[in-house]
Amino acid sequence: MRWTPVLVCSFLAFGPALRGAQSEPPVITVGGQSFATWQDYVNSDLFRSQGLRCGSRTLGTGTEVLPGSDCALDSSSIRGRYAPEGHARFRIPVVVHVLQSTGGEGQISDAQVQSQIDVLNEDLGAIQGTPGENGTDARIEFFLATVDPFGNPTSGITRSIDDVWFDDVWFDDGGDYFDVLAWDTGRYLNIYTNRASGTLGYVPDLPQGGIVGTPADRVVILWAAFGRNAPIGPPFDLGRTATHEVGHYLGLYHTFDFGCGTPAECYTSGDRICDTEPEAVAVHGCPSSSSSCDTPDPFHNYMDYSDDACYQEFTPEQVNRMRCTLEGWRPMLPDCTVLAAVNVRNAGANLDTYSATSPVLGGSSVVNVVAPAFTSAVLLGYGAPANVPLPRGNVLLIDSTSAFFFRKVVALPTSGVSLPIPNLAALCGQTLFTQAILIGGAPFALTNAVDMTIGE
């Protein structure tokens, strides 16, 4: 499914001559229509009829780079491994590229940039006491990058006045500015502020469409709608446009994409999510009620077109899909701040014969089993601990009904077995609960447990 901004501003009035001809230049000109104030713009028939709340559009079927994934273009598979509870908090470094006109339009203070990061965290973290508190805590956190791609300290903000371009092309969202300005899009969320092609914001494509890793992979927000108490004023001044667009960036469709869908096939139709009510058309404003598919429309959802103050939530299954997208499509994006560690547990008559080194992302964990009375060991790794007594005093210290990670048979004696750890930031903070079964001796025995927390 390919996404692209609708370039509704191909008739934008820009250029010194045009601006100079008016004593009070319009705040924006779209489709040949000029608007004196932001309120005129957002209340216009053009704004609603052209869907300028969001410039991202579904245009057809694209080619996925990971066909058959759990969060594909055409389907979602909601799995416990993508649930936020009990799993790593994904911390995403952000670089905000502030594009300005030669006349100074588009200036955004550092404090305003930080306020937008705060809003994203409130909404995706469902932080109590904030406008996002009624949502679902996605355990996804954003922060302005502190180190640039070259390892240098940074504020996470860049500023560009494209005075080398005729008529402020970059500020008008043209000229492939991202080819020049983008930081490694596999490792940073790149947000740009400019005129956003006459919309409030857009992303060019879902990550499942193959854009990941290219300079074009980005979120674009209208400068006047960026951050809290944004210059655009109500009803789009609370920073929720970025929340909506980041939803797309993390793999979500609009709640109304593909119409009502088929209730029995809600993971493969509509917005590919079952716990969002089906919706045929976007809802604008914040009505007391709305229904387009014989059920209440989800106009409090961040992925509808409602007013900023009307937005309240991502649903649990939307969060599941976003976290799946991070693991499967943006695996290098989350920043790891967890130190790799091991924790040894034991109980009952289990033998204290099993040890391991800390599992480092992109490195390995070296495990050792010292048990002269046995000829081999079976190493098991699962997603949860247990404490289940077995005959002869042994205790099962891993929960074999939880997520399965690995099973490895090693011959004894051994001087150490290396378990490679993938260099996937999405694994940061994941704990593998491991234990060894000793065989080839009498009687059968279990070792102590080693809980391996993956980190840097």
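Residues numbered from 1 in each chain as written. Predicted model: local features only at pLDDT ≥ 70, side-chain atom pairs only at ≥ 80, totals over all residues. Heavy atoms only, no water.

A. Spatial organisation of the overall build of the protein. Along the backbone of the protein there are seven helices and 18 strands. Across its three principal directions, the C-alpha atoms of the protein cover 95 × 55 × 40 Å. Burial analysis of the protein (456 residues in total) assigns 55% to the buried set. The contacts of the protein with a sequence gap of at least 6 include a subset with a gap of at least 24, amounting to 69%. Carbon and sulfur atoms form 56% of the exposed surface of the protein, whose accessible area is close to 18200 Å². Treating the 24 positive side-chain charges of the protein as one cloud and the 48 negative ones as another, the clouds have centres 8 Å apart. (Helix = DSSP H or I, 4+ residues; strand = E, 2+ residues; numbered from the N terminus. Buried < 20%, exposed > 50% of the residue type's maximum accessible area, 1.4 Å probe, protein only. Contact = heavy atoms within 4.5 Å. Areas by Shrake-Rupley, 256 points an atom, 1.4 Å probe, with all protein chains shown as cover. Lys, Arg positive; Asp, Glu negative; His and termini not counted. Charge placed at Lys NZ, Arg CZ, Asp CG, Glu CD.)

B. View of the sheet that holds strand β9 (residues 341-345). Strand order across the open sheet formed by five strands is β9-β18-β17-β12-β15, with antiparallel pairing between neighbours. Here the strands that pair on one side only, and so sit at the sheet edges, are β9 and β15 (404-411). Within this sheet the neighbouring strands show an average axis-to-axis angle of 20°, counted without direction. When strand β12 (residues 376-382) meets strand β17 (residues 431-439), the two strands line up antiparallel, connected through seven bridges. Looking at β17, one finds that S376 is bridged to I439. (Pairing = 2+ DSSP bridges. Axes fitted to C-alpha atoms, helices over the stretch in contact; angles between N-to-C directions.)

C. Here's a closer look at the packing of aromatic side chains. Within the structure shown, the criterion is met by 13 aromatic pairs. Pairing Y41 with F47 gives two aromatic rings, centres 5.2 Å apart and planes at 80°, and the pair type is edge-to-face. Note on Y41: relative accessible area 0%, which makes it buried. According to the relative accessible area criterion, F47 is buried, its value standing at 2%. Geometrically, the ring pair formed by Y253 and F258 is edge-to-face, given 5.2 Å between the ring centres and 80° between the ring planes. For Y253, a relative accessible area of 1% gives the class buried. A residue is classified by how much of its surface remains accessible, and F258, at 36% relative accessible area, is partly exposed. Through a chain of ring-to-ring contacts, the aromatic side chains of F35, W38, Y41, F47, W223 and F236 assemble into a single cluster. Stacked on the ring of F143, the Lys or Arg R91 has its end atom at 4.2 Å from the ring centre. Positioned above the aromatic ring of Y249 is the side chain of R330, whose terminal nitrogen or guanidinium carbon lies 3.6 Å from the ring centre. (Phe/Tyr/Trp six-rings, centres within 6.5 Å; stacked < 30°, edge-to-face > 60°. Lys NZ or Arg CZ within 6 Å of the ring centre and 35° of its normal.)

D. View of the environment of G32. In this structure, G32 sits in the loop between β1 (28-30) and β2 (33-35). What makes G32 exposed here is its relative accessible area of 54%. For the pair G32 and N394, spaced 362 residues apart in sequence, the C-alpha to C-alpha distance is 78 Å.

E. Broad picture of the pairing of strand β6 (residues 189-194). Burial within β6 is extensive, with six of its six residues counted as buried. Here β6 shows two buried faces, one formed by L189, I191 and T193 and the other by N190, Y192 and N194. Judged from the five bridges that link them, strand β3 (residues 90-100) and β6 form a sheet pairing that is parallel. Residue V96 lies in a different strand from β6, and its bridge partner there is I191. In this sheet, strand β8 (residues 219-222) lies alongside β6 in parallel orientation, the contact comprising four bridges.

F. Representation of the state of the cysteines within the structure. Counted by the stated rule, this structure contains five disulfides. The disulfide partner of C266 is C274, and the gap between their sulfur atoms is 1.8 Å. Between C266 and C274, the S-S dihedral sits near 95°, and the bridge is therefore right-handed. Between the sulfur atoms of C286 and its disulfide mate C310 the distance is 2.2 Å. The disulfide joining C286 to C310 has a torsion of about 70° about its S-S bond and is therefore right-handed. Here C286, found in the loop between α6 (240-249) and α7 (316-328), pairs with C310, found in the loop between α6 and α7; they are 24 residues apart in sequence, far enough to count as distant. In the protein, numbering the disulfide-bonded cysteines from first to last in sequence yields the connectivity 1-8, 2-6, 3-4, 5-7, 9-10. (Disulfide = S-S within 2.5 Å.)

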